[in-house]
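# Geometric and topological summary
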Amino acid sequence: MEKMSRVTTALGSSTISGRTMFCHLDAPANAISVCRDATQVVVAGRNIFKIYGLEEEQFVEKLNLRVGRKPSLNFSCADVMWHQMEENLLATAATNGAVVTWNLGKPSRNKQDQLFTEHKRTVNKVCFHPTEVYMLLSGSQDGYMKCFDLRKKESVSTFSGQSESVRDVQFSMKDYFTFAASFENGNVQLWDIRRPDRYERMFTAHTGPVFCCDWHPDDRGWLATGGRDKMVKVWDMTTNRAKEIYCVQTIASVARVKWRPERKWHLATCSMMVDHNIYVWDIRRPFIPFATFEEHKDVTTGIVWRHQHDPYFLLSGSKDSTLYQHMFKDASRPVDRANPEGLCFGLFGDLAFAAKESLISGDANRKPYPGGDRRYPIFFFKKPDLTEQFAHVSSALSVFESSLESKRMDWFVKTARLYLLSGKPFAELCDHNAKVAKELNRPQVSTTWTMLRIMFSDPANLSTPGPNHIGKLGTLPLMNSFSMKEMGMGTESRLDRSKGESRQDNIHLDLGNSLINNICPNAENEETEGSEGQAEYMFGDAELDDDDLYSMEHDNQAEEQEYTLPQEAFPLRHEIMDNPLAPEHLQQDKADSPQASGNEAEVMCLTPIESFSLISISQPLFSPHLPAPFFCPVVREMLSHYAEQGDVQMAVSVLIVLGDRIRKEIDDLTQEHWYMSYIDLLQRFELWNVSNEVIKLSTCSAITCLNQTSTTLHVNCSNCKRPMSNRGWICDRCHQCASVCAVCHHVVKGLFVWCQGCSHGGHLEHVKNWLKSSSHCPAGCGHLCEYT
Amino acid sequence: SFIPPALRGAEGQKRSRQSDFGVRIPRPLGNGPSRFIPEKEILQVSKVDPRTQSIFEDAFAALGRLDNISLVMGFHPQYLESFLRTQHYLLQMDGPLSLHYRHYIGIMAAARHQCSYLVNLHVNDFLQVGGDSKWLNGLDGAPQKLQALGELNKILAHRPWLLTKAHIEHLLKAEEHSWSLAELIHAVVLLTHYHSLASFTFGCGITPEIHSDGGHTFRPPSLSQYCVCDIANGNGHGHLEERRGNHQVSEVSGEVEVLMERMKQLQECRDEEEASQEEMATRFEREKTESMLVATAEDEECVPSRDVSRHFEDPSYGYKDFSRRGEHVPTFRVQDYSWEDHGYSLVNRLYPDVGQLLDEKFQMAYNLTYNTMAMHKDVDTTMLRRAIWNYIHCMFGIRYDDYDYGEINQLLDRSFKVYIKTMVCSPEKTTKRMYESFWRQFQHSEKVHVNLLLMEARMQAELLYALRAITRYMT
């Protein structure tokens, strides 16, 4: 035990110093290892086998172990280990299956000592016993582990994993006789070195190969494993069953894992593919690396802490042919770059917002949120060494509750349920939807529907006004009064000219009779109807009340045959923008879409262009029937506006109802985007049927195919509890009909409903009928079933 | 008698119309799914093994057809299951490429080996999923994006070791025609899948289904017994061949025993006498160069029964050219880039789940054994399977440090090597004679097993080169 004490007291003798530095190797490294006193490092790879001295400022090549004219494959190293007791002793694992030991004390140039060629396949790992000088362990691709006594020519014992390749072997730090081996099939085995006949314990640690494992240097029972499944797991081996106590999810397969000395919770990992960085994790905070070393340009193949009692120096070798010494103080800390703010919506529209306390602390009104401490639980009990802790961010969480909001989406749900999107003539659909919208107090939407009907219906059908048609003035000659004038209004940005300042832009649609609506950009529920509230939006000082509107209509009637020709020549170029302070924009707008309102107040201050439109008023009557495509730009504009206001429901519903009439006007991507948003909303409100209807009715290929994904439901057999691979009703394994109806005792091949409590069920209809008369399970199990 | 008279009348009418108007009734060409394996034997399998039966049912349910490839693979249900699952995932399930792209890439890959069977199969699928029939006029008709893939297709199929990161870069950085990494991985997996499947198709002499081109004739059966392909491959005298085959069996009996004896010897003597490292290295090189010289089929040119060559460019580019010129294949050390460690991670990262599926399929193929050899039972065939696998990788320049390539020479005789070489490098030249001349005493199911090994080993080799190039591009 004298050796033991030597190990544990090793640190005091020399203090290590240095800086972040690197040197070029001639070839990619596969593995590295340091000698006990941390002054030298050995680098091994397919074409390299060298020892470097670690000096204050640089690496110095000390020795090249690849000697001889024709380097044999024995030099092609997969792994290397420097003995931690005997500083002249090294072992390598060769890709051809040889295990080689090297004695640096040899006087000759060739330092090769022993050669064991017992393994038939590549040797993946060699490991010296931490305290026993002559004991060496190897693990190979052929599935065997061999223990060598370096005083003998052959292995003293062979351990058969009874499975695929061994990827790593590690002697326990504390348990003299125990070693762990990790396998390609995902298993980890624990062995007693004295009992080669069978393993002490085996458990499955990962899916896919376990590339590495490492015993905790201090804690007796902890074993860290890393696998191809991108996970690092920490196992507590002291209990009867190996228990997973921590798990870190990385972004690439884990090639090596090494506990950080003197830090109970820290470990370093590197990856085999794709990711070149070295991460140091605090296993208690597995979501973000504690520190990252980003120097390497190709995958890191070997990492080792320079001294087993010093946590500040990490050495690494890489495929990019460099050897690095990383200083911990130079590591980058991802947590510094992480966004410390979080924002989330609750189910009922509540908003939670977490941010650094310092940022919000000025806010005196904040109430402490009921339900416990706002701060993170304190992880670190040791005295603060700032570089050794996660940045201590104490965050404040604010919750903004919204009382109104829970009600606010009712209209959405109801509208979604009640709208008709297909199955009836176009005009009827529009009328129906207009009615729905009206009943929900959304007059503007309602009007839009009515207008759509008018725009796109056959003129012949127009004689029958829809149910929504409120004709205060009796039946107006719709087509005529509606002719072109309103189009102008619908497409332009409105200015309040009498004040000379810009107003809120609105889509401004004027229906022939009495309603002038605007879209409320702030999405307040439209509770007012065609009266002051909206007039305010539009006309500002030149405020209109109902009478004005009506008088305007009278005007229209009076000059019934007005028609403004120029409109046609002005295609819409601008999206309507809520930008009150953009004079040049407005100027352009004016030029593009001259005002064509019949309102006297506005006519008074007409710009020259507008006067042009005045002239046009005296144009003779054209055919009262306008072709439907003529309206498409307006409708397109209108749809985008609705979508932008957040009412994607309207946009999609109109899109579906109008179908081919409008589809070509709107580019596919936008359509797809709208559909996706609407479907997402519907699904959040659990309106599955509606969402499905929308998917079905959509014409975007990207949307219609949504119905074809995830259509498989996997079930287990009710007899043998195994997954049923083949058909839904008969189990391949036990050859029994799995889904038997509890009511009629026949096999169910169609709709099957079952109770999640007792797993009995049957034909949908049968169960429905049964539950009318009884509340117990039809199978007689006594369970009070609930089918909802 | 329960058929209502009206219907009966209609049926009668139809029949009479057929004869009256000369409706041509297709008749199958060839016998059964494979030209090499008697139909009886193949059909026997699914009748006996319930597992195979249920896999067939599933495959039929999923695709609406049961292709001849699956029928032949039915000898090895465990593998077939894995194979179909992978193929289904690649073609039908979520993935970065659209469905018609997938089939078109399949067509491109199969056409590289003039495998009209697979081409026809996927031309139909391609059209069914809404592919543009103009594309089928040739690669020129396809979008530029797919045209760019032609080069990769060509290199992968014939000389994968020439693949560099420049090729990858060319595909990924082509402005509006560029591929995304995920798409490229998908495409690479598809290409390698169909290259190797073409090998299998030729290696097992898969015949076209009755409904596809070249699968039927309208001639009355009495006129000709021979199918076009047979004639093209010089196999017109099927019956004669069979008889001769039987005759030969008696001559070469003992072949299996010799092979088993050798395996036993190798097993024993390996521990005694160790070849030096230099010796091992030269053995690999020798095997590699020798494999180049193994003559593939006599230089007869194969006649493609359908003009499939239009699906790829540069038809003269083949394996043959290069072996003639004696180019050197660089050595690829599998310890530096292996499927298990590196390839898997890359594929699974960019195309989730496929890495897993392929991994399972490779392992299934590599580890599949029934511990039988011809009529002998309880034989450990690991050594033989490993020799075959490593020999194929050796042809692609892939070297296992821990393998003694001397074993290959001991275990694989010349006719077998010719077969392997032909099947892997220019499968379109595989003939029935080749199929019959190796391992004469072995059963057909065992030969299919060999074919599976060849196919998977080839796929892995191609994948390794492609993935390595992609990895190099990424770093």
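A quick note: this is a predicted structure, and the numbers were derived from the prediction, not measured. (Residues numbered from 1 in each chain as written. Chains lettered and ligands numbered in written order. Predicted model: local features only at pLDDT ≥ 70, side-chain atom pairs only at ≥ 80, totals over all residues. Heavy atoms only, no water.)

## Describing the overall build of chain A
- Along its length, chain A carries 21 helices and 37 strands.
- Expressed as a percentage of the 788 residues in chain A, the buried residues total 51%.
- Within chain A, counting contacts between residues at least 6 apart in sequence, those at least 24 apart form 51% of the total.
- Approximately 37900 Å² of chain A is accessible, and the part contributed by carbon and sulfur atoms is 52%. (Helix = DSSP H or I, 4+ residues; strand = E, 2+ residues; numbered from the N terminus. Buried < 20%, exposed > 50% of the residue type's maximum accessible area, 1.4 Å probe, protein only. Contact = heavy atoms within 4.5 Å. Areas by Shrake-Rupley, 256 points an atom, 1.4 Å probe, with all protein chains shown as cover.)

## Thoughts on the overall build of chain B
- For chain B, the helix and strand inventory stands at 22 helices and six strands.
- Among the 475 residues that make up chain B, the fraction classed as buried is 54%.
- A fraction of 79% describes how many contacts in chain B between residues 6 or more apart in sequence connect residues 24 or more apart.
- With an accessible surface of roughly 20600 Å², chain B has 52% of that area assigned to carbon and sulfur atoms.

## Quick notes on the sheet that holds strand β30 (residues 351–356) of chain A
Residues and elements named next belong to chain A.
- Sheet architecture is open: three strands sit in the order β29-β30-β31, paired in antiparallel fashion. In the strand order of this sheet, the two ends are held by β29 (342–345) and β31 (395–400), each with one partner. Geometrically, the sheet is characterised by an average inter-axis angle of 15° between neighbouring strands, direction not taken into account.
- Strand direction decides the pairing type here: β29 and β30, joined by four bridges, are antiparallel. Bridge pairing in β30 places G342 opposite A354. (Pairing = 2+ DSSP bridges. Axes fitted to C-alpha atoms, helices over the stretch in contact; angles between N-to-C directions.)

## Points about the interface of chain B and chain A
- Facing the 29 residues of chain B at the interface are 31 residues of chain A.
- Counting every contact that joins chain B to chain A gives five salt bridges.
- Here chain B and chain A share 12 residue pairs in polar contact (both at pLDDT 80 or more) between them.
- Put simply, the parts of the chain that give the side of chain B that touches chain A at least two residues each are α3 (50–63), α13 (255–272), α14 (277–293), α16 (339–350), α17 (354–367) and α22 (444–474) of chain B.
- Considering every element that reaches the side of chain B that touches chain A, the biggest residue donor is α16(B), with seven residues.
- When grouped by side-chain class, the residues that make up the side of chain B that touches chain A number four nonpolar, eight polar and 17 charged. (Salt bridge = Lys/Arg side-chain N within 4 Å of Asp/Glu carboxyl O. Polar contact = N/O pair within 3.5 Å; in protein donor to acceptor, adjacent residues only side chain to side chain. Nonpolar A, V, L, I, M, F, W, Y, C, P; charged D, E, K, R; others polar.)

## Brief notes about the environment of B:T381
- With respect to the secondary-structure elements, B:T381 resides in the loop between β5 (376–377) and α18 (382–395).
- It is 6.3 Å that separates the C-alpha atoms of B:T381 and B:N371, two residues lying 10 residues apart in sequence.

## Some words on the environment of B:V72
All names here are of chain B.
- Along the chain, V72 falls in helix α4 (residues 68–73).
- Accessibility expressed as a relative area gives 0% for V72, which makes it buried.
- If we ignore the near neighbours within four places in the chain, the residues touching V72 are P33, S34, I37, I42, F200, C204, I206 and V448.

## Topic: helix α15 (residues 632–644) of chain A
- The first and last C-alpha atoms of α15(A) sit 18 Å apart over 13 residues, in line with the 18 Å expected at 1.5 Å per residue.
- Of the positions making up α15(A), those classed as buried are A:C632, A:V634, A:V635, A:E637, A:M638, A:L639, A:H641, A:Y642 and A:A643. (Expected span 1.5 Å × (residues − 1).)

## Here's the deal with the environment of B:D49
- Relative to the elements of secondary structure, B:D49 occurs in the loop between α2 (39–48) and α3.
- Considered as a pair, B:D49 and B:F75 are 26 residues apart in the sequence and their alpha carbons are 9.2 Å apart.

## Some words on the confidence of the model for chain B
All names here are of chain B.
- Considering every residue of chain B, the mean pLDDT works out to 75; 72% of them sit at 70 or more.
- Ranking the helices and strands of chain B by mean pLDDT puts helix α10 (residues 181–203) first, with 91, and helix α11 (residues 228–232) last, with 36.
- Scored below 50 in pLDDT, residues 1–20 shows four contacts in the model against residues more than four places distant or in partner chains.
- pLDDT under 50 marks residues 320–324. Its contacts with residues more than four places away, or in other chains, come to 12 contacts.
- Across the interface, the model reports ipTM at 0.71; the global pTM reads 0.62. (pLDDT = per-residue confidence, 0-100.)

## Comments concerning the sheet that holds strand β3 (residues 40–44) of chain A
All names here are of chain A.
- Read from one edge to the other, the open sheet built from four strands follows the order β2-β3-β4-β5, with strand pairing classed as antiparallel. Since the sheet does not close on itself, it has two edges, and those belong to β2 (31–34) and β5 (59–64), each with one partner. Averaged over all adjacent pairs, the angle separating strand axes in this sheet is 25°, with direction ignored.

## Here's the deal with the pattern of salt bridges
- This structure, assessed with the given rule, holds 33 salt bridges over all chains.
- Its salt-bridge partner being A:D647, residue A:R442 comes within 2.8 Å of it at the nearest N-O pair. With A:R442 in the loop between α6 (426–439) and α7 (443–456) and A:D647 in the loop between α15 and α16 (648–658), the pair connects residues that are 205 residues apart, well separated along the chain.
- The buried category is assigned to A:R442, whose relative accessible area is 3%.
- Taking the relative accessible area as the measure of exposure, A:D647 reaches 8% and is therefore buried.
- For the salt bridge of B:R386 with B:D402, the shortest nitrogen-to-oxygen distance reads 3.8 Å. With B:R386 in helix α18 and B:D402 in the loop between β6 (398–399) and α19 (406–411), this pair connects stretches of sequence that are 16 residues apart.
- By relative accessible area, which is 10% here, B:R386 ends up buried.
- Each of A:R46, B:R333, B:D336 and B:D401 takes part in one network of salt bridges that share partners.

## Notes on the packing of aromatic side chains
- On inspection of all chains with the given rule, the structure shows 43 aromatic pairs over all chains.
- An angle of 20° between the planes, with centres 4.9 Å apart, marks the rings of A:F22 and A:Y324 as stacked. Residue A:F22 is found in strand β1 (residues 21–24), and its partner A:Y324 is found in strand β28 (residues 322–327); the two are separated by 302 residues along the sequence.
- Between the aromatic rings of B:W161 and B:F396, the centroid separation amounts to 6.4 Å while the plane-to-plane angle is 65°, which identifies the pairing as edge-to-face. Of the two residues, B:W161 sits in the loop between α8 (144–158) and α9 (165–172) while B:F396 sits in the loop between α18 and β6, which places them 235 residues apart along the sequence.
- Judged by relative accessible area, which is 6%, B:W161 ranks as buried.
- Judged by its relative accessible area of 3%, B:F396 falls in the buried class.
- A connected cluster of aromatic rings, assembled from ring pairs, spans B:F416, B:Y419, B:Y435, B:F438, B:W439 and B:F442.
- Against the face of A:F313 rests A:R306, its NZ or CZ located 5.3 Å from the ring centre.
- Of note, A:R333 hangs over the ring of A:F290, and the distance from its end group to the ring centre comes to 4.6 Å. (Phe/Tyr/Trp six-rings, centres within 6.5 Å; stacked < 30°, edge-to-face > 60°. Lys NZ or Arg CZ within 6 Å of the ring centre and 35° of its normal.)

## A closer look at the packing of α8(B) against α10(B)
Residue and element names in this part refer to chain B.
- α10 packs onto α8 with a crossing angle of 45° between their chain directions and a minimal axis gap of 11 Å. With respect to their mutual orientation, α8 and α10 come out oblique. Note that α8 runs across α10; the crossing there is right-handed. In contact with K145, L149, L152, N153, L156 and A157 of α8, α10 contributes E183, L184, A187, V188, L191, T192 and H195.
- Grouping the constituent residues of the contact of α8 with α10 by class yields eight nonpolar, three polar and two charged. (Parallel < 35°, antiparallel > 145°, perpendicular 65-115°, else oblique. Left-handed = near helix turned anticlockwise from the far one by under 90°.)

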